[in-house]
Amino acid sequence: FPLSSGVKAYPTKTGDYAVISKKEDHTSNLYGKMYDAEGKCINYNAESTDPVPEGGRFDGSPMPYWQRLTNAGLGLHVGKVRRHPVSHGCVRLPRNVAEILYRQTSIGTPVTIRKTPLPVPEAQKVPAVSNKQKESCYSKNDFYRTAFFKYISKKFSSFSESLLIHLPSAGL
């Protein structure tokens, strides 16, 4: 299943853990959105330690089907899955997956998080293009599309990695 892990500044820590708490309707006390006095969102990526404008508020991000793995905030929960790192260190899961895992696990369920190689699908591989080929058999649009895919592969090198989440006693 697809997931999103932590960005470079907040990497998802690999290792062996156990579920230490669960909450079906959890809200982050660290990350969320900041609103001004009129209720307009002024920061979509706010931290609870950021100054709150007078009359404004901080709203923690919703984290449904939260399963805490450490007291430092690592956990599994529902979140936007972009198929590349976007979280503050947690493992974001699609809602249907998070709900199944939540229902199948209990406090103490072991969880192993590991980086594993993920093969790049043939459709994402870009052939090397010589200058002669560019002129003779590629249209201008094909050339720009190739350059775009090469840029994306370099920018999001994590397309070639995934996280292995192993829940041995979850019965999955």
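Residues numbered from 1 in each chain as written. Predicted model: local features only at pLDDT ≥ 70, side-chain atom pairs only at ≥ 80, totals over all residues. Heavy atoms only, no water.

**Q** Could you give an account of the pattern of salt bridges, with specific residues and numbers?
**A** Tallying each qualifying case throughout the model produces four salt bridges. Arg103 is paired through a salt bridge with Glu99; the nearest N and O atoms lie 3.7 Å apart. Of the two residues, Arg103 and Glu99 both sit in helix H1 (residues 95–104), four residues apart, roughly one turn of that helix. In this structure Arg103 comes out as partly exposed when scored by relative accessible area, which is 47%. Judged by its relative accessible area of 30%, Glu99 is partly exposed. (Salt bridge = Lys/Arg side-chain N within 4 Å of Asp/Glu carboxyl O. Helix = DSSP H or I, 4+ residues; strand = E, 2+ residues; numbered from the N terminus. Buried < 20%, exposed > 50% of the residue type's maximum accessible area, 1.4 Å probe, protein only.)

**Q** An account of the nonpolar core is needed here, citing residue identities and associated values.
**A** Ranked by size, the top nonpolar core spans 16 residues in total, and within it Leu69, Val91, Leu93 and Ile113 carry the most contacts. In terms of residue count, H1 provides more of this core than any other element does, four residues in total. Residues contacting Leu69, with those up to four places away along its chain left out, are Tyr17, Ala18, Val19, Ile20, Leu74, Gly75, Leu76, Val111 and Ile113. (Core = buried A, V, L, I, M, F, W, Y, C linked by side-chain atoms within 4.5 Å. Contact = heavy atoms within 4.5 Å.)

**Q** So what's going on with H1? Residues and values would help.
**A** Those residues of H1 that sit buried are Val97, Ala98, Leu101 and Tyr102. For H1, the arc enclosing every buried residue in end-on projection is 130°, short of the 170-degree limit, so these residues lie on one face. At its buried positions, H1 is contacted by strand E2 (21–35), strand E4 (57–68), strand E5 (75–78) and strand E6 (91–93). (Arc of directions from axis to C-beta.)

**Q** Lay out the pairing of strand E3 (residues 41–47) in plain terms, naming residues and giving numbers.
**A** The pairing of E2 with E3 spans four bridges and is antiparallel. Paired with Tyr35 across the strands is Cys41, a residue of E3. In this structure, the hairpin formed by E2 and E3 is closed by a connection of five residues, where Gly39 is found at a positive phi of approximately 90°. (Pairing = 2+ DSSP bridges.)

**Q** With reference to specific residues and values, describe the side chain of Arg68.
**A** When you line up the elements, Arg68 lands in strand E4. Within the buried set, Arg68 has no salt-bridge partner at all; the shortest N-O distance to an opposite charge, 14 Å, is to Asp25. Of note is the side chain of Arg68, whose polar atom sits 3.3 Å from the backbone oxygen of Thr70. (Lys, Arg positive; Asp, Glu negative; His and termini not counted. Polar contact = N/O pair within 3.5 Å; in protein donor to acceptor, adjacent residues only side chain to side chain.)

**Q** Can you lay out the environment of Tyr31 for me, pointing to particular residues and giving the numbers?
**A** Tracing the backbone shows Tyr31 in strand E2. Since its relative accessible area comes to 18%, Tyr31 is described here as buried. Distance from Tyr31 to Glu47, taken between C-alpha atoms, is 4.6 Å for residues 16 residues apart in sequence.

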